[in-house]
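So you can see what is in the structure, the chains are spelled out below.
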Amino acid sequence: MSLLSRGFDMAGWGFRWVLVLVLLALWRPGTACPELCTCTGVRISCVDAERSIMAFPMLQSEAEMENITDIYIANQSSFTSINEKDLNLYRNLRNLTVTNTRLTYISRQAFQSNLKLQYLNLKENNLSYLSWRTFHHLNLSSLLLAGNTLQCSCENVWLKQWRGEESEELMCVEEGGKRRALAMLTLPNCVLPTVTLKPTKVTMREGVNVTLVCNTSGTPTPNLNWDTCKLNSAHQKEGSGQMSELKLYNVSSLDNGCKITCRSDNMVGESEASVHLDILCPPVISKLMDAISDHHWCIPFSVAGNPEPKLSWLLNDQPVEEGNFIHTVIHDYSEGEYHGCLQLDSPTHINNGEYTLMASNAYGEDIKAVSAHFMYEPWNESVTDPLYYDDTPLGPPEDKVAVYVVVGIAAITFTGFILMLVILKFGRNSKFGIKGFVLFHNVPVEVVAR
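1. Points about the overall build of the protein
So, point 1. Across its full length, the protein carries 5 helices and 26 strands.
So, point 2. Here the protein holds 450 residues, and the buried ones make up 34% of them.
So, point 3. Total accessible area on the protein is roughly 27900 Å²; 56% of this is exposed by carbon and sulfur atoms.

This is the structure in structure tokens:
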């Protein structure tokens, strides 16, 4: 067998080993699952009707469970509930099927960690009641519930608003056992809450007080809650029942744009009303930094104010005329501030000086200044204006430094050469010359002379 053929054989075996390692990495051994289920790739399947599981399978490690995106459970007569922590570690779960089991109970917190869940198939189980709170935080594209014993109760009325593919086909069971379409169900004392929030628009100067009033109605009596988006202003909640007040004191400009929401909910569902705070305040320049060089030169700044401040610049107390080569750019608006820079394209010594940023609106103005230096003044004896003349001594250019180094090396080499000649010349008459060498080896001089 030639060396070439042996090389091909070794390469073939190497490829086979790589393929085996890849398959082992993708394949999940059965020992990682309970013996009643199978695990392949990112999927768990439990379908053995003769040996039923009682709860969701637990894999050997949290990392394995986080990789699972699909769980399929069917024909399990001992599977009866989905509890609060059963699915906590399946954070990347996207598709869940639990069908043809004895499932009767689902906790309201059952899917609190499964924010990526999109497909939920709960067909052919024994579910009688489902709360909207179990699913309201999920972005489900499919919720399948056919074949369950859903009761014609107020707790299930929210399913009428569900716009799933089978919402109009769902049936519920009345007290006498008669089945009827859930979409046609109308019950007394079972009304979705409504909410009104006043005022509907809040525009005010900073430092004043304001009171928001929220009213609700619905049956059963709804609960009222406020979402105040981490208000910086002092605030207080008052009221009870179907009316609540939120009082804001000495309103801070930091709360400008804050969204305040009043929510009302009962077993039928949830409603809400919101208002954005529009707090008027004078400009504040919170940051004006030294010029930095990137693709263009930039003098960064951050400015707050409502309404949006008008920005203008001075260079050495003279107005800056903005155009293609120098202009103001706003890059971002966040946390109530406008972040941007004065952008300069290829500035020269003419652009050196003190830059003053002026921000103004109807409620006031703010001014800050910073010095910027972009280029030295070209050498010109006729220029005497100290503003554009930089007398900072310049260091030697790189080529001069190189010359100094070369001259130094040459001088050292020449000195060493001279010392070598001196040693060779005077070393012949030294006692350490040839005669000295002979004496140190106890050889008679006469012998050497012959």
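Next comes the rest of the write-up.
2. Quick notes on the state of the cysteines
So, point 1. The full count for this structure, using the stated rule, is 5 disulfides.
So, point 2. Between the sulfur atoms of C214 and its disulfide mate C262 the distance is 1.8 Å. Between C214 and C262, the disulfide has an S-S torsion of -80° and is therefore left-handed. With a gap of 48 residues between them, C214 in strand β13 (residues 210-219) and C262 in strand β17 (residues 259-266) connect regions that are remote in the sequence. You'll find C214 and C262 in the same group, each marked buried.
So, point 3. The disulfide bridge from C229 ends at C258, spanning 1.6 Å between sulfur atoms. The sign of the S-S torsion, about -50°, decides the handedness of the disulfide formed by C229 and C258: left-handed. Here C258 lies in the loop between β16 (243-249) and β17 and C229 lies in the loop between β14 (223-227) and β15 (234-240), a separation of 29 residues in the sequence.

3. Quick word on the environment of C37
So, point 1. As for its placement among the helices and strands, C37 is situated in the loop between α1 (3-26) and β1 (38-40).
So, point 2. For C37, a relative accessible area of 7% translates into the label buried.
So, point 3. In contact with C37, other than residues within four places in its own chain, are I44, S45, C46, I53 and P57.

4. Comments concerning a nonpolar patch on the surface
So, point 1. Taken together, the side chains of F414, F417, I418, L421 and V422 define a hydrophobic patch exposed on the protein surface, amounting to about 490 Å² of accessible area.
So, point 2. One can find L421 in helix α3 (residues 398-426).

5. Brief notes about the nonpolar core
General note: in soluble globular proteins, nonpolar side chains tend to be found buried as a group.
So, point 1. Membership of the largest hydrophobic core comes to 47 residues, with the highest contact counts inside it found for I71, L96 and F111.
So, point 2. At the level of elements, β2 (43-46), β3 (70-74) and β5 (95-99) are the ones that each hand at least two residues to this core.
So, point 3. Setting aside chain neighbours within four positions, we find L96 in contact with F56, I71, L87, F111, L117, Y119, L120 and N121.
So, point 4. Counting residues in hydrophobic clusters, the runner-up holds 20 residues, among them L197, M204, V251 and C258.

6. Regarding the packing of aromatic side chains
So, point 1. What the rule picks out here adds up to 7 aromatic pairs.
So, point 2. Summarising the aromatic geometry, the rings of F56 and F79 are spaced 5.2 Å apart at their centres and angled 90° between planes, so their arrangement reads as edge-to-face. In this pair, F56 is assigned in the loop between β2 and α2 (62-67) and F79 in the loop between β3 and β4 (81-82), connecting sequence segments 23 residues apart. Assigned by exposure class, F56 and F79 land together as buried.
So, point 3. Taken together, a centroid distance of 6.3 Å and an interplanar angle of 85° make the contact between Y355 and F374 edge-to-face. Here Y355, found in strand β25 (residues 353-361), pairs with F374, found in the loop between β26 (364-372) and α3; they are 19 residues apart in sequence, far enough to count as distant. There is no split in this pair, since Y355 and F374 are both buried.
So, point 4. In this structure an aromatic cluster arises from ring pairing among F111, F135 and W158.

7. Describing the pairing of β16
So, point 1. Burial along β16 is one-sided: S244, L246 and L248 are buried, and none of M243, E245, K247 and Y249, which face the opposite way, are.
So, point 2. Here β13 runs beside β16; their pairing, made up of 6 bridges, is antiparallel. Paired with L212 across the strands is L246, a residue of β16.
So, point 3. Pairing between β15 and β16: 7 bridges, direction antiparallel.

8. Notes on the sheet that holds strand β11 (residues 191-198)
So, point 1. Reading across from one edge, β11-β13-β16-β15 is the order of the 4 strands in this open sheet, with antiparallel pairing throughout. Every interior strand has two partners, whereas the edge strands, β11 and β15, have only one. Each neighbouring strand pair of the sheet contributes to a mean axis angle of 15°, computed without reference to strand direction.

9. A word on unusual backbone geometry
So, point 1. Residue P199 is reached from K198 by a cis peptide bond, and omega for that bond is -5°.
So, point 2. For P199, the location among the structural elements is in the loop between β11 and β12 (202-205).
So, point 3. Between N306 and P307 the backbone carries a cis peptide bond, its omega angle lying at 5°.
So, point 4. Of note, the phi angle at N100 is positive, near 55°, even though the residue is not glycine.
So, point 5. As for its position among the elements, N100 is in the loop between β5 and β6 (105-106).
So, point 6. Residue classification places N100 among the partly exposed positions, given a relative accessible area of 43%.
So, point 7. The backbone of E335 shows a phi angle near 50°, a positive value even though the residue is not glycine.
So, point 8. Note that E335 resides in the loop between β23 (326-334) and β24 (337-344).

Calculation notes
Residues numbered from 1 in each chain as written. Predicted model: local features only at pLDDT ≥ 70, side-chain atom pairs only at ≥ 80, totals over all residues. Heavy atoms only, no water. Helix = DSSP H or I, 4+ residues; strand = E, 2+ residues; numbered from the N terminus. Buried < 20%, exposed > 50% of the residue type's maximum accessible area, 1.4 Å probe, protein only. Areas by Shrake-Rupley, 256 points an atom, 1.4 Å probe, with all protein chains shown as cover. Disulfide = S-S within 2.5 Å. Contact = heavy atoms within 4.5 Å. Patch = residues over 30% accessible without salt bridge, like charges linked within 9 Å, V, L, I, M, F, W, Y side chains within 5 Å. Salt bridge = Lys/Arg side-chain N within 4 Å of Asp/Glu carboxyl O. Core = buried A, V, L, I, M, F, W, Y, C linked by side-chain atoms within 4.5 Å. Phe/Tyr/Trp six-rings, centres within 6.5 Å; stacked < 30°, edge-to-face > 60°. Pairing = 2+ DSSP bridges. Axes fitted to C-alpha atoms, helices over the stretch in contact; angles between N-to-C directions.

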